[in-house]
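Structural overview for review
Read off the chains here:
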Amino acid sequence: MKKAIFFLFLIIALCWCVGNFCGDDKYRKNTENPKTESSWKISEECLAAIDEDKFSELTKICNRYDQDALTAMLLNGYAKVLNTGDKIEMVDYGFAKCKIKLKNGQTYYVAREFVTK
C-alpha cells in the first residue's frame, strides 16, 4: 500500500512538473494566426513588389544584379524600398513571401526573411 501511494505521488509530481514546463509560453508552440498580428516589422532594408508577378520579376532582377531593370521597376512604382523597422500589417504569411500592408494602406509582397515580429 505504501508503494502504491508513493508511486501515485511520484506520478502526480511528475505530471505537475511536466505540465508546468510544457505550459510555459516560451516552450509552447506558437499557434497564433499571423494574419491577426499587427506587431510585425521589417527586419532589414529590402525591396517589395506590388503583386506576385512583379515579386517574381524583382527576384530574377536581383539575382542577375540588373541595376537598370531594378531602377525601372522602382521608377514605375512596381517595387518599393522598405526600411528597417517599418511597421507593417501581415495580410498573408506564406512560405517564401508575405503579403503585407503598409501604414498608407498599400499592399506589397516581400521575402519572408525580411519580416519579423
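Look above for the structure.
Here goes a summary of the coordinates provided. The shown structure was predicted, so the numbers you read here are calculated from the model rather than taken from an experiment.

Focus: the overall build of the chain
- A count of helices and strands for the chain gives three helices and seven strands.
- Counting from the amino terminus, helix and strand elements in the chain follow one another as α-β-β-α-α-β-β-β-β-β.
- Every one of the 117 residues in the chain was classed for burial, and the buried ones make up 22%.
- Here the contacts in the chain between residues at least 6 apart in sequence split such that 59% fall between residues at least 24 apart.

Considerations on the packing of aromatic side chains
- Summed over all chains, the structure comprises one aromatic pair.
- Here tryptophan 40 and tyrosine 93 contribute two aromatic rings whose centre-to-centre distance is 5.4 Å and whose plane-to-plane angle is 40 degrees, an arrangement assigned as tilted. Taken as a pair, tryptophan 40 in strand 1 (residues 40-42) and tyrosine 93 in strand 4 (residues 87-93) lie far apart in primary sequence, 53 residues in all.
- One Lys or Arg, lysine 54, reaches over the ring of tyrosine 78 and ends 4.0 Å from the middle of that ring.

Quick look at the sheet that holds strand 3 (residues 79-82)
- The strand order across the open sheet formed by seven strands is 3-2-6-5-4-1-7, and the pairing between neighbours is antiparallel. In the strand order of this sheet, the two ends are held by strand 3 and strand 7 (115-116), each with one partner.
- Pairing analysis gives five bridges linking strand 5 (residues 97-101) to strand 6 (residues 107-111), with the strands arranged antiparallel. Bridge pairing in strand 6 links isoleucine 100 to tyrosine 108.
- Most of the contacts of helix 2 (residues 52-64) go to strand 2 (residues 46-49), to which it runs at about 145 degrees, and overall it touches strand 2, strand 3, strand 5 and strand 6.
- Across the sheet, helix 3 (residues 67-76) lies against strand 2 and strand 3, angled at about 90 degrees from strand 3, the strand it touches most.

As for helix 2
- Relative to the 18 Å expected for 13 residues at 1.5 Å per residue, helix 2 spans 19 Å between its end C-alpha atoms, a close match to the ideal helical length.
- Here helix 2 has its buried residues at Lys54, Phe55, Leu58 and Ile61. One side of helix 2 carries all its buried residues, which in axial view fall inside an arc of 125 degrees. Among the exposed residues of helix 2, those oriented more than 90 degrees off its buried face are Asp53, Lys60, Asn63 and Arg64.

Examining the nonpolar core
- Counting 23 residues, the largest nonpolar core has Ile42, Leu82, Ile88, Ile100, Val110 and Val115 as the members making the most contacts within it.
- Among the secondary structure elements, those contributing two or more residues to this core are strand 1, strand 2, helix 2, helix 3, strand 3, strand 4, strand 5 and strand 6.
- Broken down by element, the residue count for this core peaks at four residues, all from strand 6.
- Excluding anything up to four places from it in sequence, valine 115 contacts Trp40, Lys41, Ile42, Ser43, Ile88, Met90 and Val110.

Observations regarding the packing of helix 2 against helix 3
- Put simply, helix 2 and helix 3 touch, their axes get as near as 8 Å, and they point 150 degrees apart. Here helix 2 is positioned roughly antiparallel relative to helix 3, judged by the angle of their axes. Read as a crossing pair, helix 2 and helix 3 show a hand that is left-handed. Residues Lys54, Glu57, Leu58, Ile61 and Arg64 of helix 2 lie in contact with helix 3, whose contacting residues are Ala69, Leu70 and Met73.
- Each residue belonging to the contact of helix 2 with helix 3 can be placed in one class, and the counts come to five nonpolar, no polar and three charged.

Parameters and conventions
Residues numbered from 1 in each chain as written. Predicted model: local features only at pLDDT ≥ 70, side-chain atom pairs only at ≥ 80, totals over all residues. Heavy atoms only, no water. Helix = DSSP H or I, 4+ residues; strand = E, 2+ residues; numbered from the N terminus. Buried < 20%, exposed > 50% of the residue type's maximum accessible area, 1.4 Å probe, protein only. Contact = heavy atoms within 4.5 Å. Phe/Tyr/Trp six-rings, centres within 6.5 Å; stacked < 30°, edge-to-face > 60°. Lys NZ or Arg CZ within 6 Å of the ring centre and 35° of its normal. Pairing = 2+ DSSP bridges. Axes fitted to C-alpha atoms, helices over the stretch in contact; angles between N-to-C directions. Expected span 1.5 Å × (residues − 1). Arc of directions from axis to C-beta. Core = buried A, V, L, I, M, F, W, Y, C linked by side-chain atoms within 4.5 Å. Parallel < 35°, antiparallel > 145°, perpendicular 65-115°, else oblique. Left-handed = near helix turned anticlockwise from the far one by under 90°. Nonpolar A, V, L, I, M, F, W, Y, C, P; charged D, E, K, R; others polar.

Keep in mind that these numbers describe shape and distance, not what the molecule does.
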